[in-house]
Amino acid sequence: MRLPEPAVPALPLVDGVAAATAALTGRRVAVLTGAGVSTDSGIPDYRGPDSPPRTPMTYQQFVSDPAFRRTYWARNHVGWRHVHRTHPNDGHRALARLEVRGLVVGVITQNVDRLHHQAGSRRVVDLHGTYADVLCLSCGARTTRDALARRLDELNPGFAERVAVDDVEIAPDADAVIASTEGFVVADCERCGGMLKPDITYFGENVPAPRVAAAFAIVDDADALLVAGSSLAVMSGLRFVRHAARTGRPVVIVNRGRTRGDDLATVRVDAGTSQVLTALDRGLPDLRADVGHERTG
Ligand SMILES: [Zn+2]
């Protein structure tokens, strides 16, 4: 990944929080979050600076190769339970509080783990979908991952229990690396027999247009954009940073390591998101009642 030249230096925690607080004070903030926000909840960030390289699966692989699909579902059958058991961390909770206080307009997240919802954030766009829902690619029927788990357990008795939990490496999309997936039986749509897919947007797949529009609306309703825990490696997230910068909104990026949006940032903080977001909730003053109307006035 070729990275742009940063416009401003990356600041460590204390200086970074001070600069971010100055940039965001008096502004209503749209937030874009990525995997880095969930690492403190025990969900690894496979693009983080310390992560081993991992090749993400593509939509094309999923729909065209039955063996690939079998492996995918077998791993997902093990991995999703781990994601299901995770809890929000201080960063998620700080964003939910900032929304209650009227400072955060809404959250656009690239994560599929639903932790912002769990933490109490109200206006959330799950840009890349959610692990908790399953979609039929033929008839569009939507079911819960929980209901599918019961069917997969019936089709594959004892499979999930045979995989030693401690040996499993879990990925942010509820995938798990396990030794053997041979003989795993995949479930099809109960209504039409069509192919089922987690309601997750994969590489090579477009984010549905209404979802993109809902995300742009959050940025347009705000006076600034805060990026937390994303390297902005994919265009689906980077475009909101470009949009904010193009429309004169300050962009604050909090991330460990470089990002593809560094040349557009007003402030860059190289620190953990849980600490920074908690500090921002403590440090940002309440908005004056008239502030929200300045842009339209
Ligand atoms: Zn169907």
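This text follows the structure it describes.
Residues numbered from 1 in each chain as written. Predicted model: local features only at pLDDT ≥ 70, side-chain atom pairs only at ≥ 80, totals over all residues.

Novice: Just to check I follow, could you spell out the nonpolar core for this structure?
Specialist: Soluble, globular proteins show a tendency: their nonpolar side chains are buried together. Among the nonpolar cores identified, the biggest contains 49 residues, and Val29, Val31, Ile108, Leu225, Val227 and Val252 are the most heavily contacted of them. Looking at which element gives the most residues to this core, the answer is strand 10 (residues 224–228), with 5 residues. With sequence-adjacent residues up to four places away left out, Val29 is seen in contact with Leu24, Leu103, Val104, Val105, Ala222, Ala224 and Leu226. Core analysis: the second largest hydrophobic core is formed by 7 residues, Val83, Tyr131, Ala132 and Ile200 among them. (Core = buried A, V, L, I, M, F, W, Y, C linked by C-beta atoms within 7 Å. Buried ≥ 20, exposed ≤ 12 C-beta atoms within 10 Å, placed from the backbone. Helix = DSSP H or I, 4+ residues; strand = E, 2+ residues; numbered from the N terminus. Contact = placed C-beta atoms within 7 Å.)

Novice: Would you take a moment to explain the environment of Ala215 for this structure?
Specialist: With respect to the helices and strands, the residue Ala215 is situated in helix 8 (residues 209–220). Filtering out sequence-adjacent residues up to four positions away, Ala215 remains in contact with Ile108, Val125, Leu127 and Phe240.

Novice: Explanation requested: unusual backbone geometry in the structure shown.
Specialist: Of note in this structure, Arg114 is not a glycine but carries a positive phi near 65 degrees. Following the sequence through the fold, Arg114 ends up in the loop between strand 3 (104–109) and helix 5 (115–119). For Arg114, a count of 19 C-beta atoms within 10 Å translates into the label partly exposed. One non-glycine residue, Leu232, lies in the positive phi region at around 55 degrees. Counting through the fold element by element, Leu232 comes out in the loop between strand 10 and helix 9 (235–246). The exposure class of Leu232 is buried, given the 27 C-beta atoms found within 10 Å.

Novice: Even after reading the chapter, I still don't get the pairing of strand 2 (residues 29–33), so can you show me in this structure?
Specialist: Regular strands place side chains that alternate from one sheet face to the opposite one. The buried fraction of strand 2 is high, at 5 of 5 residues. Burial along strand 2 is two-sided: Val29, Val31 and Thr33 facing one way and Ala30 and Leu32 facing the other are all buried. Both strand 2 and strand 3 contribute to a ladder of 5 bridges, which runs parallel. Along strand 3, the bridge assignment pairs Val31 with Val107. (Pairing = 2+ DSSP bridges.)

Novice: Looking at this model, I keep getting lost on the pairing of strand 3. Mind explaining?
Specialist: A large share of strand 3 lies buried, amounting to 6 of its 6 residues. Bridge count between strand 3 and strand 4 (residues 124–126): 3 bridges; the pairing is parallel. When the bridges of strand 4 are listed, Ile108 appears paired with Val125.

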